[in-house]
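Remarks on the overall topology
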Amino acid sequence: MPLEIACLGYAGLASLARGSQRHRHIASRGPLTSPRLAKITGWALLAASCIAAFIRFGQFQGGVAWLGLLSLSGLVLVLAMSRWPDRALQAWLPAMLLAVPLALSAWL
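Residues numbered from 1 in each chain as written. Predicted model: local features only at pLDDT ≥ 70, side-chain atom pairs only at ≥ 80, totals over all residues. Heavy atoms only, no water.

The terminal C-alpha atoms of helix H2 (residues 35-83) lie 23 Å apart, and with 49 residues this falls more than 12% below the ideal 72 Å at 1.5 Å per residue. The largest bend in H2 is about 130 degrees, located at Gly58. (Helix = DSSP H or I, 4+ residues; strand = E, 2+ residues; numbered from the N terminus. Expected span 1.5 Å × (residues − 1). Bend = angle between axes of the 7 residues up to and from the residue.)

Put into structure tokens, the structure is as follows:
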């Protein structure tokens, strides 16, 4: 299973959640305390996840794989936020750092 796409998707969705008005009080600690910077980073990570899916699966299956893995990472984020909201939003950085070596090892 290509975990780098799911990890980048989780990091992007968590970063977008950090930038929203609703979760701003939870995400006030740690990096990306600015809502605008968190939103920009979130969209960039989602784009990186999409590009990684198209590189990994090709042009015909990449979109379907990306939507499936993005849905899976969104489900994990929602379930984690229901139990540990602060930890779920702060886990975007470890998820991104885990995705980089996985992506490099898959492409080399």
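Next comes the rest of the account.
Attention now goes to the side chain of Ser49. The topology assignment puts Ser49 in helix H2. Within the structure, the side chain of Ser49 is placed 3.1 Å from the backbone oxygen of Ile5, a separation counted as a polar contact. (Polar contact = N/O pair within 3.5 Å; in protein donor to acceptor, adjacent residues only side chain to side chain.)

Moving on, we come to a nonpolar patch on the surface. On the surface, Leu72, Leu75, Val76 and Leu79 cluster together into a nonpolar patch covering about 350 Å² of accessible area. Relative to the helices and strands, Val76 resides in helix H2. (Patch = residues over 30% accessible without salt bridge, like charges linked within 9 Å, V, L, I, M, F, W, Y side chains within 5 Å. Areas by Shrake-Rupley, 256 points an atom, 1.4 Å probe, with all protein chains shown as cover. Salt bridge = Lys/Arg side-chain N within 4 Å of Asp/Glu carboxyl O.)

A few words on the nonpolar core. With 24 residues, the main nonpolar core has Ile5, Tyr10, Leu77 and Ala88 as its most contacted residues. Those elements that place two or more of their residues in this core are helix H1 (3-19), H2, helix H3 (85-90) and helix H4 (92-107). Sorting elements by how many residues they give to this core places H2 first, with ten residues. Setting aside residues up to four positions removed in sequence, Leu77 forms contacts with Tyr10, Leu13, Ala14 and Ala88. (Core = buried A, V, L, I, M, F, W, Y, C linked by side-chain atoms within 4.5 Å. Buried < 20%, exposed > 50% of the residue type's maximum accessible area, 1.4 Å probe, protein only. Contact = heavy atoms within 4.5 Å.)

Turning our attention to the pattern of salt bridges. In total, this model carries one salt bridge according to the counting rule given. The partner of Glu4 in a salt bridge is Arg56, and the shortest N-O contact between them spans 2.8 Å. Of this pair, Glu4 sits in helix H1 while Arg56 sits in helix H2, placing them 52 residues apart in sequence. The exposure class of Arg56 is partly exposed, given its relative accessible area of 37%.

Attention now goes to the packing of H1 against H2. Following both chains from N to C, one finds H1 and H2 inclined at 150 degrees, their axes separated by 1 Å at the closest point. Considering the angle they form, H1 stands roughly antiparallel to H2. Note on packing geometry: the crossing formed by H1 with H2 is left-handed. Residue composition of the contact of H1 with H2, grouped by class: 23 nonpolar, nine polar and four charged. (Axes fitted to C-alpha atoms, helices over the stretch in contact; angles between N-to-C directions. Parallel < 35°, antiparallel > 145°, perpendicular 65-115°, else oblique. Left-handed = near helix turned anticlockwise from the far one by under 90°. Nonpolar A, V, L, I, M, F, W, Y, C, P; charged D, E, K, R; others polar.)

In short, the description is geometric, and any link to function would need to be established separately.
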